[in-house]
Amino acid sequence: MTGEWKKRTTAVHGGTRRSQYGELSEAIFLTQGFAYDSAEAAEARFIKAGEDEFIYARYGNPTVRMFEERIAALEGAEDAFATASGMAAVSGALTAMLKTGDHVVSSRALFGSCLYVLEEILTRFGVDVTFVDGTDLDQWRAALREDTRAVFFESVSNPTLEVIDIRAVCDLAHAVGAVVVVDNVFATPVFSKAIAQGADVVIYSATKHIDGQGRALGGVILGTTDFIRKTVEPYMKHTGGSMSPFTAWVMLKGLETMSLRVNAQADSALALTEALQGHAGLSRVLYPGHSSHVQHALCTAQMGKGGTVVSLDLKGGQPAAFRFLNALRIVTISNNLGDAKSIVTHPATTTHQRLSDDQKAALGITPGLVRLSVGIEDPDDLIADVKQALAAAS
Ligand SMILES: *Cc1c(COP(=O)(O)O)cnc(C)c1O
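Residues numbered from 1 in each chain as written. Predicted model: local features only at pLDDT ≥ 70, side-chain atom pairs only at ≥ 80, totals over all residues. Heavy atoms only, no water.

- The protein has the name O-succinylhomoserine sulfhydrylase in an unreviewed UniProt entry, where Sedimentitalea xiamensis is given as its organism.
- Quoted straight from UniProt, the Subunit (unreviewed entry) entry for the protein says "Homotetramer."
- Its UniProt record, at the heading Catalytic activity (unreviewed entry), says of the protein: "O-succinyl-L-homoserine + hydrogen sulfide = L-homocysteine + succinate". (UniProt positions renumbered as here; feature names shortened; annotations may be inferred.)

Here it is as structure tokens:
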């Protein structure tokens, strides 16, 4: 039935399981264990657990299952496995499917911890990783090989907001039989059509827009039932990166309001981008949902709206960027994104500090670049705050 609902309905009702009490709001089954009626029943469940039968919370839990079913229906995926954080989802999905000798092609513009997993951890176990500029299809074509097992990229890169063509990369990857894993955080489940566009596996850090209110870490791996149950579940349930029932409840409640929040955030991000066009203190205003962005057409075709993050490059470099951050009154200095509260980050000195100057330059992370995650405050107040802080910075 959920397959026939539109996204906003699915986000409120998908996956709901009610106990004998008929509670309206989703119940938190805060239990790690489950009792059996008899020794025979315990034996039977270990042989094969049915739909509503659970063994141990690291393997599954009714509240966690509700979250998995709701987000899977929303994404148009057959199944999902919920994880303790976004990084548990990224590292879990990749490690579960890869082995020594496999080849992976990844875009270079990655969230710092994703880059660490690919560059430092997988290579330690003999996985060969080739990095490409994700927006350059010729580089993907040149890097893909007969032995390429997986392709990994962030569909919209952090913090320079380059859009990677999911359909085009999937076509190239599938031609050599590679599995395409998309970290889709910046697209958000609201704007994502990644599975329909060819992605095999979609990953979210639920910490971002799914919670959207800065409370809990979480993540999710979405894919076919075969991949989730035969490849991901055995790995995750034995290595311990499962989501807690309390977190799943927070994320379920987050999904209910996600579409309203994320659409309002994207509309405000566009309004802010428009208000800053031609500003004397800025050399770049990056927002893929605005017609000034080089990939605006691709963004519109792939996501509809441009997401909730705007990046600004201040002409005065790092000193101006720091003055700007310090002058903001509503927008808060922090490194989360997708939150109801607007947040500003200076990537070069925080999230991307670990990179060399050359790596930063190659990724467009200039000293004046700031990443602004637009919240749900009134857009007029946000625009006024950003403008007064730009005036103070110049
Ligand atoms: C935040 C983020 C992650 C990691 O998520 P956590 O929940 O912090 O572990 C991975 N990828 C992207 C693109 C992110 O923004």
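Okay, back to it.
1. Points about a nonpolar patch on the surface
So, point 1. A surface patch of nonpolar side chains, amounting to about 300 Å² of accessible area, comprises Ile28, Leu30 and Phe246.
So, point 2. Within the fold, Ile28 resides in the loop between α1 (7-13) and α2 (39-47). (Patch = residues over 30% accessible without salt bridge, like charges linked within 9 Å, V, L, I, M, F, W, Y side chains within 5 Å. Areas by Shrake-Rupley, 256 points an atom, 1.4 Å probe, with all protein chains shown as cover. Salt bridge = Lys/Arg side-chain N within 4 Å of Asp/Glu carboxyl O. Helix = DSSP H or I, 4+ residues; strand = E, 2+ residues; numbered from the N terminus.)

2. Observations concerning the site of the ligand
So, point 1. Around the ligand, the structure places 13 residues, and the nearest of them are Met87, Asp183, Ser205, Thr207 and Lys208.
So, point 2. In the environment of the ligand, an oxygen atom lies 2.8 Å from a nitrogen or oxygen atom belonging to the backbone of Gly86.
So, point 3. Asp183 is positioned such that a nitrogen or oxygen atom in its side chain is 2.6 Å from a nitrogen atom of the ligand. (Near = heavy atom within 4 Å. Polar contact = N/O pair within 3.5 Å; in protein donor to acceptor, adjacent residues only side chain to side chain.)

3. Some details on the UniProt feature "modified residue: N6-(pyridoxal phosphate)lysine" (unreviewed entry) in the protein
So, point 1. UniProt records the feature "modified residue: N6-(pyridoxal phosphate)lysine" (unreviewed entry) at Lys208, using the numbering of this structure.
So, point 2. One can find Lys208 in the loop between β6 (201-205) and β7 (219-223).
So, point 3. For Lys208, a relative accessible area of 11% corresponds to the buried category.
So, point 4. With residues near it in sequence (within four places) discarded, Lys208 still touches Phe111, Val185, Asn336, Leu337 and Gly338. (Buried < 20%, exposed > 50% of the residue type's maximum accessible area, 1.4 Å probe, protein only. Contact = heavy atoms within 4.5 Å.)

4. A few points about the sheet that holds strand β2 (residues 103-107)
So, point 1. The strand order across the open sheet built from 7 strands is β1-β7-β6-β5-β4-β2-β3, with neighbouring strands paired in mixed fashion. Of all strands in the sheet, those with a lone pairing partner are β1 (79-83) and β3 (128-132), marking the two edges. Pairwise comparison of adjacent strand axes, ignoring direction, gives a mean angle of 20° for this sheet.
So, point 2. By the bridge criterion, 4 bridges tie β6 to β7 in an arrangement that is antiparallel. Following the sheet pairing, Ser205 is matched in β7 by Gly219.
So, point 3. Lying over the sheet, helix α4 (residues 86-97) contacts β1, β4 (148-154), β5 (179-183), β6 and β7, oriented at roughly 155° with respect to β6.
So, point 4. Contacting β1, β6 and β7, helix α9 (residues 225-239) crosses the sheet at an angle of about 20° to β1. (Pairing = 2+ DSSP bridges. Axes fitted to C-alpha atoms, helices over the stretch in contact; angles between N-to-C directions.)

5. A closer look at the sheet that holds strand β8 (residues 282-286)
So, point 1. Spatial strand order, β8-β9-β12-β11-β10: 5 strands in an open sheet with mixed pairing. In this open sheet, the two strands that pair with only one neighbour each are β8 and β10 (332-333).
So, point 2. Bridge count for β8 against strand β9 (residues 309-314) is 4 bridges, and the pairing is antiparallel. Bridging from a neighbouring strand, Leu286 pairs with Ser311 of β9.

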